[in-house]
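In case you want the letters, here they are:
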Amino acid sequence: MNYLKLIPLLLLIAQPARPCTNLIVGRKASADGSVIVSYSCDDYGAYGFMNYLPHAKHPKGTMRPLYHYETNNYLGEIPEAPETYQVVGLMNEHQLTIHETTFGGREELVDTLTGLFDYGSLMYVTLQRARNAREAIQVMTRLVADYGYGSEGESFTIADPQEVWILEMTGRGPGHKGALWAAVRIPDDCISAHANQSRIRHLTPDDPDNCLYSPDIITFARQQGYYTGTDADFSFADTFAPLDFGALRFCEARVWSFYNRWAAEDMQPYLPYAMGETTQNPLPLYVRPRALLSVTDIQTMMRDHYEGTPLAITDDIGAGPWQMPYRPTPLRFEVDGKAYFNERPISTQQTANVYVSQMRSWLPSHIGGIVWFANDDANMAPFTPVYCSALTIPRCYDVTTADTFHFSTASAYWVQNWVSNMVYPRYSVLFPEVEATRNRLEADLRSLQDTTEQQALAMTPAQAAQFLTDYSQRAAQNMMYQWNELAQRIIVRYNDMAVKRTDPDGHYLQTAGGNQQPVERPGYPEPYRRRIAAEDAQRYAVPQGQ
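What comes next concerns the included structure. (Residues numbered from 1 in each chain as written. Predicted model: local features only at pLDDT ≥ 70, side-chain atom pairs only at ≥ 80, totals over all residues. Heavy atoms only, no water.)

**Let's talk about the nonpolar core**
Item 1. Counting 98 residues, the largest nonpolar core has F156, I158 and F240 as the members making the most contacts within it.
Item 2. Apart from the residues lying within four places of it in its own chain, the contact partners of F156 are I98, H99, E100, Y119, L122, M123, M140, W165, I166, L167, M169 and H194.
Item 3. Core analysis: the second largest hydrophobic core is formed by 49 residues, A29, Y273, M275 and F467 among them. (Core = buried A, V, L, I, M, F, W, Y, C linked by side-chain atoms within 4.5 Å. Buried < 20%, exposed > 50% of the residue type's maximum accessible area, 1.4 Å probe, protein only. Contact = heavy atoms within 4.5 Å.)

**Remarks on the packing of helix 2 (residues 119-129) against helix 3 (residues 133-147)**
Item 1. Their axes nearest at 9 Å, the elements helix 2 and helix 3 cross at an angle of 130°. Our classification of the angle between helix 2 and helix 3 gives oblique. Where helix 2 crosses over helix 3, the two elements pack in a sense that is right-handed. Two secondary-structure elements touch here, helix 2 through L122, V125, T126 and R129 and helix 3 through E135, A136, V139, M140, L143 and V144.
Item 2. Its residues assigned to classes, the contact of helix 2 with helix 3 comprises seven nonpolar, one polar and two charged. (Axes fitted to C-alpha atoms, helices over the stretch in contact; angles between N-to-C directions. Helix = DSSP H or I, 4+ residues; strand = E, 2+ residues; numbered from the N terminus. Parallel < 35°, antiparallel > 145°, perpendicular 65-115°, else oblique. Left-handed = near helix turned anticlockwise from the far one by under 90°. Nonpolar A, V, L, I, M, F, W, Y, C, P; charged D, E, K, R; others polar.)

**Observations concerning the side chain of T141**
Item 1. Relative to the elements of secondary structure, T141 occurs in helix 3.
Item 2. Take T141: its relative accessible area is 15%, and that puts it in the buried class.
Item 3. A distance of 2.8 Å separates a polar side-chain atom of T141 from the backbone oxygen of I137. (Polar contact = N/O pair within 3.5 Å; in protein donor to acceptor, adjacent residues only side chain to side chain.)

**Let's talk about helix 2**
Item 1. Within helix 2, 10 of the 11 residues are buried, which leaves it mostly tucked inside the rest of the structure.
Item 2. Where helix 2 begins, the capping side chain belongs to D118, and its oxygen is found 3.2 Å from the backbone nitrogen of G120.

**Side note on the environment of V295**
Item 1. When you line up the elements, V295 lands in helix 8 (residues 295-301).
Item 2. Here V295 falls in the buried class, since its relative accessible area comes to 11%.
Item 3. Excluding anything up to four places from it in sequence, V295 contacts I36, V356, Q358 and W372.

**Overview of the sheet that holds strand 16 (residues 286-287)**
Item 1. Spatial ordering of the open sheet is given by 16-14-1-2-19-20-21, a layout of seven strands whose pairing is antiparallel. The open sheet terminates on both sides in strands that have one partner only, identified here as strand 16 and strand 21 (384-387).
Item 2. By the bridge criterion, two bridges tie strand 1 (residues 22-25) to strand 2 (residues 35-41) in an arrangement that is antiparallel. Opposite V25, over in strand 2, you have I36 as the bridge partner. (Pairing = 2+ DSSP bridges.)

Interpretation note: all reported values are geometric properties and have no functional meaning in isolation.
Below you can see the structure in the form of C-alpha cells.
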C-alpha cells in the first residue's frame, strides 16, 4: 500500500492534545531489578514543572477541588479521602507511579456533559489514594464510575516496585457517566511502550492476575455498532481507536523504535506497519529484551530520533545545513493542495518535561523511589534525581519559580529551553557542547547514587527524607549552575555563526594584547555546499577566473 495515499485522511482526524511517549521495563527485564517507566510530556508551549503534594489528613466533610491537567481550569469537587499520600512528580510515597499518553479514539465517546474527571486529575487523585498498581486500577475505575470521565481515550502506565500495568480508558459518550476500560499486566521479564495509540488488543477473561476490563465492554461495542465478531476475537484497540496513517507513522513508529533497539526478536518485519504502509502485523503489546536495561538505557532511549533506521531525519532537506533531528510543528502541512508530513520521533522540541521513574522493591520506599527529571526535551537536558520522600522539590523545578509568560534564570524550564533553542538551528556544531555537559553531569550523579543511598539507609526515615531532599536540591542546583554557564558559553563562543578558537583546555586563544585571535568561520558543512552547488549553481557560481 502506498502510505502517501492515506495522508488526506489525516486532515480529518483530530490529533491528541498531548503527544507523549511512555517506555516500560519490568523488574526482571531491568539490570538491577528496578521497575522503570518513562514519560515525556510533549505539550506544545506548556510550561514544564514538577508537582508536589504533601502527605495529609483531612477532617470529615473536606472537599477536594479538581483542576484540568492541561488548562488548569476548575472542574468541580469531590469528597476528600481521610488521608492522602505524598506525591513527587508522578510518584507517590509508596513508589506507585502513573504516566500517560493520549490516544484520542472515537470522538463521540467523550463525555462532555457529566464527565468530571479529566485524565490528569484522575492520575493525581489516584496517586494520593492508592498504594500499589492494582489498587490504583481499582481507584481509577471507581472514581470515573462515580463521577464520570471527560477526556479522550487515554493509555496509562501504572507501576509499583513489583509490577507494571497498562490501563486504557475511553468515555461512554455525552451524558453517560463512567468509562470503558481494559488493563493488562506487562510480564516482569518484558518491555513495553505506548505513544498516543491504543495498544491493548486481545483480552483474556478469567485471568484477573493479568487482565481486567469493564464487564460490559464487548456488549457496549456491539450496541454501538463498533464490533460484530466473537468475544474471543474482540480487540480494545481496534474497536475504540481504529488505526490510520497518523496512528502508525506518528505513534506506533515510536514504539517500534524502542523495540527495534531492545527487543530480542527481529523487528524488521514490523517496519511496514510502523511506516504506515499497512495495518497488518501490528506490534505486540510487549516483548522480551535482548539484554537487561538500566535507567541510563531508558534515558538514552527518550533521546531517540530514529537513528540508524529508515525513519532517521538528519540527512534530508528538513534537517537543514546542520543536521537538526527536529521538525517544526504541525506534523502535517500542505503545498499546492498536496499533503505532506514530518516524522515524529520520541525526542521532540515541544517536550515540557521528562520523567524516568525508578521503583525498587528491595529498598524502603523513602529511598527506593526516584524520579529522574529533565525539564525540557530529554536529548537537550540532563536528568537529576528527586526521591519520592522529598520534603520539598528543587526550586528550579517548582511551579512558582516562573511561568510560561516570564523567563527566569532560576527556572530549569527556561534555562534549558534557552540552551536548546540556541542549539536547534546549528545542531551539528553546537550539540556536542550540550552532550558533553549533559553526559558529565549524569555520570557524576550515577557515581554518587550508591554512596548516597547507603548513607540514607543508616538513618531514620525522617532523617533520610531530609538528607535525600538536600541531596536532590544540590544536584538540581549544580545542574542549574552548569546550564546557565553553558548558555553563556554557547553565545560567547559561537556568536554570529563563527567559532572562537580555544586551546586543549578550553581557554580562548588571545593575542598578546588580550584580544581574541581570529575566529574560525566554518561555513556550511560539505554535504550542504554540494547541495547548493547542485541546486543553485547558476546563481551562486563565481565566474571562472574571478
